Amino acid sequence: MTEPNQVAGVLAPDGRAVLPDGDRAAPGPQESPWDIEAIRAQFPILSREVHGRPLVYLDNAASSQQPHRVLSRVERYLREQHANVHRGAHQLSAEATEAYEDARRAVAAHVGATNPAEIVFTRGTTEAVNLVASSWGGAFVSPGDEILLTKMEHHSNLVPWQLLAGRTGCVLRFVDVTPEGTLDLEDFDRLLARQPRLVAFTHVSNSLGTINPVREIVARAHAAGALTLVDGAQAAPHLLSDVSRIGCDFYAFSGHKMCGPTGVGALWARRELLEEMPPYQGGGEMISEVRLEGSSWAKPPHKFEAGTPNISGVVGFGEAARFLAELGAEAIESHEAALKRYALERLGDIDGLRLYGPRQERTSVFSFTYGDVHPHDLSTILDQWGIAIRAGHHCNQPLMGHYGISGTARASFYLYNSTDEIDALCDGLALAAEVFGGIS
Ligand code: PMP
């Protein structure tokens, strides 16, 4: 529903995103037909200053910003509709439940799920992976079974499996990463021949930007008899991520990386799997009947949503999914592709800057080192000029080890970033080189 102060991101027939009320800003110096000023105007935080400079927010892989309509939808929910969901016989509870379940429909549509009951709300990708490792892994993995991961996994798709290995005696194996930063598919085939129970891998690398050939990996895994879990944290915000096209069994993603609130995300899973998996946590909401001697469970997805959920977060997540749907996944992808091309060109020209990850089949996440400047020092200097990037291991310590480094600087872009901001980053890097007395 349109909020009073909301500016819907509708698309003109030529694909340009426009303001609906004629209040259109002049097109920015973009390669893509994307009205960047109109988009940016929808994100209040983007007009603030940091250290007296306009904010240049390039830390989107860690968390994205929220548009007016998400903020105002959450506020309206809290001001006018809040009550606990699913168990009240009063008007507010009915409205809260409707808002909550409506969000489930929007989030399901975002990943191409035809059945909203296949969406389980979680705190985020991390909890979604933990849910699968704990519930499915606890029930169906035996000592000696293999789980196949990759060396580019975020810790959130690694540590839950290590915990499972500690509990069950299952064995973890890891697909190698090539020097270019893609998965070594020959190594994958070798490890698949060992017949793992599950292949769990990231759709897009949060450090390298690599877009993995997700359909191919899923098809090969299924042919080898394995289930598949895809970590979609860095894909669902940026790419058309359609679980029915991908063909996977589990898909995990987070709201706060796709213009939604923090503390909310989702696990999509095939209905049959959710039916046969035991509950993840026990408590209210997830039961059918409770007796002192034992209990029976509600049907999925409620079986996996114990306790009072993050209702306002879910409502905001749903609004974010609708916002992205109205902009259109293809339009978002094409704007980011233009940013990516421009960033590759500009960053590629900077002496002493080493960019990690492939040039093709990648998103607009750029990890780099800059001479021997420590990434944290670089990030601190850029922050003085209002430029927010991230520095560190990005929860990818094994991947950093693979490259023999402890961390990188990372600039990551989203639908509201502009080529001007790439210029600002490059200017900032040039100034930083002066501060550091040259780059070697
Ligand atoms: N996987 C990937 C690839 C990520 O980038 C992140 C977030 N950095 C996560 C998982 C974890 O997401 P969250 O913290 O939202 O649970």
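Residues numbered from 1 in each chain as written. Predicted model: local features only at pLDDT ≥ 70, side-chain atom pairs only at ≥ 80, totals over all residues. Heavy atoms only, no water.

What to know about the site of the ligand
Taken together, 13 residues sit near the ligand, with Thr126, Asp231, Gln234, Ser254 and Lys257 positioned nearest. Here His154 contributes a side-chain N or O atom positioned 3.2 Å from a nitrogen atom of the ligand. In the environment of the ligand, an oxygen atom lies 2.6 Å from a nitrogen or oxygen atom belonging to the side chain of Gln234. When the free accessible area of the ligand is taken as 400 Å², the share hidden by the protein chains comes to 86%. (Near = heavy atom within 4 Å. Polar contact = N/O pair within 3.5 Å; in protein donor to acceptor, adjacent residues only side chain to side chain. Areas by Shrake-Rupley, 256 points an atom, 1.4 Å probe, with all protein chains shown as cover.)

Details of the nonpolar core
Core analysis: the biggest nonpolar cluster contains 72 residues, and Ile119, Val199, Tyr251, Phe253 and Leu415 have the highest contact counts within it. Counting residues per element, this core draws most heavily on helix α10 (residues 311-327), which supplies 9 residues. Setting aside its immediate chain neighbours within four residues, Leu415 contacts Trp34, Ile36, Ile39, Phe43, Cys259, Phe323, Leu324, Leu327, Ile332, His335 and Glu336. (Core = buried A, V, L, I, M, F, W, Y, C linked by side-chain atoms within 4.5 Å. Buried < 20%, exposed > 50% of the residue type's maximum accessible area, 1.4 Å probe, protein only. Helix = DSSP H or I, 4+ residues; strand = E, 2+ residues; numbered from the N terminus. Contact = heavy atoms within 4.5 Å.)

Section: the pattern of salt bridges
Taken as a whole and judged by the stated rule, the model has 26 salt bridges. Between Glu101 and Arg104 there is a salt bridge, with its nearest N and O atoms 2.8 Å apart. Here Arg104 and Glu101 lie together in helix α3 (residues 91-110), a separation of 3 residues that amounts to about one turn. Per residue, the accessibility class of Glu101 equals that of Arg104, and both read buried. The partner of Glu127 in a salt bridge is Arg123, and the shortest N-O contact between them spans 3.9 Å. Under the relative-accessibility criterion, Glu127 is labelled buried at 12%. (Salt bridge = Lys/Arg side-chain N within 4 Å of Asp/Glu carboxyl O.)

What to know about the sheet that holds strand β9 (residues 198-202)
Across the sheet, 7 strands lie side by side as β6-β12-β11-β10-β9-β7-β8; this open sheet has mixed pairing. Every interior strand has two partners, whereas the edge strands, β6 (119-122) and β8 (171-175), have only one. Direction aside, neighbouring strands of the sheet carry axes that sit 20° apart on average. In terms of strand pairing, strand β7 (residues 146-150) meets β9 through 2 bridges, oriented parallel. Of the residues in β9, the one forming a bridge with Ile147 is Leu198. Of the strands in this sheet, β7, β8, β9 and β10 (227-231) are in contact with helix α5 (residues 159-168), which crosses β8 at around 150°. (Pairing = 2+ DSSP bridges. Axes fitted to C-alpha atoms, helices over the stretch in contact; angles between N-to-C directions.)

A closer look at the packing of helix α2 (residues 68-81) against α3
At their nearest, the axes of α2 and α3 sit 10 Å apart, and the two run at 160° to each other. Relative to α3, α2 is oriented roughly antiparallel. Of the two elements, α2 crosses α3, and the hand of that crossing is left-handed. Within the contact between the two elements, α2 uses Arg73, Tyr77, Glu80 and Gln81 and α3 uses Leu92, Glu95, Ala96 and Ala99. (Parallel < 35°, antiparallel > 145°, perpendicular 65-115°, else oblique. Left-handed = near helix turned anticlockwise from the far one by under 90°.)

So, the packing of aromatic side chains
Tallied over the entire structure, the rule returns 9 aromatic pairs. Residues Phe121 and Phe317 carry aromatic rings whose centres are separated by 6.2 Å and whose planes lie at 65° to one another, so their mutual orientation is edge-to-face. Here Phe121 is found in strand β6, whereas its partner Phe317 is found in helix α10, with 196 residues between them in sequence. Here the two residues Phe121 and Phe317 agree in accessibility, since each one is buried. A ring pair is formed by Tyr251 and Phe253, whose centres lie 6.0 Å apart and whose planes are at 55°; its orientation type is tilted. Taken individually, Tyr251 and Phe253 each receive the classification buried, so the pair is uniform in this respect. Connected via pairs of aromatic rings, a cluster forms that spans Tyr100, Phe121, Tyr251, Phe253 and Phe317. (Phe/Tyr/Trp six-rings, centres within 6.5 Å; stacked < 30°, edge-to-face > 60°.)

Focus on the pairing of strand β13 (residues 287-291)
Summarising burial for β13: 0 of the 5 residues are buried, a small minority. Direction of pairing for β13 relative to strand β14 (residues 294-297): antiparallel, over a ladder of 4 bridges. Note that in β14 the partner of Val290 across the bridge is Ser295. With antiparallel pairing between neighbouring strands as the criterion, β13 and β14 make up a hairpin whose turn holds 2 residues.

A few points about the domain arrangement of the protein chain
On domain assignment, one finds that the protein chain holds domain 1 (20-66 + 328-435) and domain 2 (70-325). Taking the mean C-alpha position of each, domain 1 and domain 2 sit 27 Å from one another. The interface of domain 1 with domain 2 comprises 36 residues on the first partner and 38 residues on the second. Taken over both partners, the interface formed by domain 1 and domain 2 buries close to 3000 Å², and the fraction arising from carbon and sulfur atoms is 53%. (Domains from an automatic or database assignment. Buried area = accessible area lost by both parts, 1.4 Å probe.)

Structural notes on the environment of Ser312
Mapped onto the fold, Ser312 is located in helix α10. Separated by 109 residues in the primary sequence, Ser312 and Glu421 have C-alpha atoms spaced 32 Å apart. Ignoring anything within four residues of it in the chain, the contact list for Ser312 reads Val74, Tyr77 and Leu78.

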